[in-house]
Amino acid sequence: MTPINSSTLFETTACLLCGSQAADLVYETRDRLMGLDGEFALVKCRNCGLIYLNPRPTRASIGRYYPPGYEPFVEAVPDRLPWWQRWPLQYGLQKRCQPIVTRKPGGRALDVGCATGLFLAELRRRGEWEVAGVEPSPEAADYARKTFGLAVHEGDLASARFPAAHFDVITMWDVLEHLHDPLADLREVRRVIKPDGLFLFRVPVWDSLDARGFGPYWAGLDSPRHMVVLARRTVRPLLAAAGFRPLRMWTLSGSHASFALSLRLWLEERLPQRRLRAAILSGFYHPLTRLLAAPYFWITDRLGLGSQLTVLAEPLGVEL
Ligand SMILES: [Zn+2]
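Residues numbered from 1 in each chain as written. Predicted model: local features only at pLDDT ≥ 70, side-chain atom pairs only at ≥ 80, totals over all residues. Heavy atoms only, no water.

Take the side chain of Ser223 next. Of note, Ser223 is situated in the loop between helix 8 (209–214) and strand 11 (228–229). At 3.0 Å, the side chain of Ser223 and the side chain of Thr29 are in polar contact. Beyond its immediate stretch of four places on either side in the chain, Ser223 contacts Thr29, Arg30, Asp31, Arg32 and Leu53. (Helix = DSSP H or I, 4+ residues; strand = E, 2+ residues; numbered from the N terminus. Polar contact = N/O pair within 3.5 Å; in protein donor to acceptor, adjacent residues only side chain to side chain. Contact = heavy atoms within 4.5 Å.)

Before going further, it helps to spend a moment on the sheet that holds strand 13 (residues 308–315). Judged by pairing direction, the sheet is mixed, and its 7 strands sit side by side in the order 8-7-6-9-10-13-12 without closing on themselves. At either margin of the open sheet sits one strand with a lone partner, and together these are strand 8 (151–154) and strand 12 (244–251). Pairs of neighbouring strands in the sheet enclose a mean axial angle of 20°, with direction left out of account. As paired strands, strand 9 (residues 167–173) and strand 10 (residues 193–204) are joined by 6 bridges and run parallel to one another. By the bridge assignment for strand 10, Thr171 is matched with Leu200. Lying on the sheet, helix 5 (residues 138–148) is in contact with strand 7 (128–135) and strand 8; it crosses strand 8 at an angle near 165°. Lying on the sheet, helix 7 (residues 182–192) is in contact with strand 9, strand 10, strand 12 and strand 13; it crosses strand 10 at an angle near 150°. (Pairing = 2+ DSSP bridges. Axes fitted to C-alpha atoms, helices over the stretch in contact; angles between N-to-C directions.)

In an ideal octahedron of six donors the angles at the metal are 90 or 180 degrees, and in an ideal tetrahedron of four donors they are 109.5 degrees. Every protein donor of the zinc ion is listed here as Cys15 (SG), Cys18 (SG), Cys45 (SG) and Cys48 (SG), and their distances to the metal cover 2.2 to 2.3 Å. Written as a sequence motif, the donor arrangement for the zinc ion is C-x2-C-x26-C-x2-C. Of this pair, Cys18 sits in the loop between strand 1 (10–11) and strand 2 (23–29) while Cys45 sits in strand 3 (residues 40–45), and the two are 27 residues apart along the sequence. The buried category is assigned to Cys45, whose relative accessible area is 3%. (Donors = N, O, S within 2.8 Å, 3.2 Å for Na, K, Ca; no water. Buried < 20%, exposed > 50% of the residue type's maximum accessible area, 1.4 Å probe, protein only.)

Let us now look at the packing of aromatic side chains. The final tally for this structure, using the stated rule, is 12 aromatic pairs. Through a chain of ring-to-ring contacts, the aromatic side chains of Phe214, Phe259, Tyr296 and Phe297 assemble into a single cluster. It is Arg96 that lies over the ring of Trp173; its NZ or CZ is 4.9 Å from the centre. The lysine or arginine in question, Arg248, covers the ring of Trp250, its NZ or CZ lying 4.1 Å from the ring centre. (Phe/Tyr/Trp six-rings, centres within 6.5 Å; stacked < 30°, edge-to-face > 60°. Lys NZ or Arg CZ within 6 Å of the ring centre and 35° of its normal.)

What follows covers the pattern of salt bridges. On inspection of all chains with the given rule, the structure shows 18 salt bridges. Lys146 is the partner of Asp142 in a salt bridge, and the nearest nitrogen-oxygen pair spans 2.9 Å. Here Asp142 pairs with Lys146, and both are found in helix 5, just 4 residues apart, close to one helical turn. Exposure remark for Lys146: the relative accessible area of 66% places this residue in the exposed category. Across the pair Arg145 and Glu154 runs a salt bridge, and its minimum N-O distance is 3.9 Å. On the basis of relative accessibility, which here comes to 30%, the residue Arg145 falls in the partly exposed class. Three or more residues joined by partner-sharing salt bridges are found here, namely Asp142, Arg145, Lys146 and Glu154. (Salt bridge = Lys/Arg side-chain N within 4 Å of Asp/Glu carboxyl O.)

Right, let's get into the sheet that holds strand 11. Judged by pairing direction, the sheet is antiparallel, and its 4 strands sit side by side in the order 2-3-4-11 without closing on themselves. If you trace the sheet from one side to the other, it starts and ends with strand 2 and strand 11, each paired once. Sheet topology places strand 3 next to strand 4 (residues 51–53); 3 bridges connect them, and they run antiparallel. Looking at the pairing, Leu42 lines up with Leu53 of strand 4.

Core analysis: the biggest nonpolar cluster contains 66 residues, and Leu110, Ile170, Met172, Leu176, Phe199 and Phe201 have the highest contact counts within it. Excluding anything up to four places from it in sequence, Met172 contacts Asp111, Val112, Leu179, Val189, Phe199, Leu200, Phe201 and Arg202. Counting residues in hydrophobic clusters, the runner-up holds 22 residues, among them Cys97, Cys114, Val169 and Leu252. (Core = buried A, V, L, I, M, F, W, Y, C linked by side-chain atoms within 4.5 Å.)

Attention now goes to unusual backbone geometry. The omega torsion of the bond from Asn54 to Pro55 falls at 5°, within 30 degrees of zero and hence cis. Its location among the elements puts Pro55 in the loop between strand 4 and strand 5 (56–57). Along the chain, Ser223 connects to Pro224 via a cis peptide bond; the corresponding omega equals 0°. The residue Ala115 is not glycine, and still its phi comes out positive at about 50°. With respect to the helices and strands, the residue Ala115 is situated in the loop between strand 6 (106–112) and helix 4 (118–125). A relative accessible area of 18% means that Ala115 is categorised as buried. For Asp174, which is not a glycine, the phi torsion comes out positive at approximately 60°.

This is the structure in structure tokens:
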């Protein structure tokens, strides 16, 4: 990797929600997942409480932090996984479709950050859906087109230039936290969604047991790829500023995988023995361990302390 010239690769920013410059340091962070260079900081806005990365990589330089081996892309390809990891993935996809198919029989659906297209392919199977995706990674977009024949726009949402009030359903799985200007993208979602449309997204949240327990090792921080770290109390004003109202906020899926990733990041710094680490992690993914861990995730979800918050929202000013 070429050395970093910090003056062109990093930038400072005001609060991504309220624009205030006043903020307190939460953690000094670095890239624990991919091990790439650079030092970053998570700060908390004194005005609205939003936690965001500052300083952070610029839009021009962020690509260097998504190398080809970046895990969410690799893990999202089911034919590379053993059956005992494939089955939970399939189950997770079905659960993500559930809030949509129980409310709408079909229509136009858009998945922003559709990665390899697994979710859209599953949704299309479950009703009269005309599906489209937006995905910045050329490799993932190509996989989605070739494997599932999906219509995928390569780039960000704004560059797709969809017509206004076009989609019945818009989804964003683990995407919002990666955006340099999440409010601008949410406003674009608001523009292209129909007045009676449904907006469904998932984000890691700060006010969770995982975030408290793992601290700076919590996978939900994923510096410097996560520009914002939301919490239950900051999701609502962010949505309102973009013209949405949450209908439901709950933990739907992803708890086990997220916990396992935090555990890996923690072990990598605390346990030097590579083989032992690998054994612990492979044991954690075993179906029996999943079964034993299930009550923990069930209880944290019921207490509203799960780390992967799913939000179902509707546009404000809906005409019924
Ligand atoms: Zn703020």
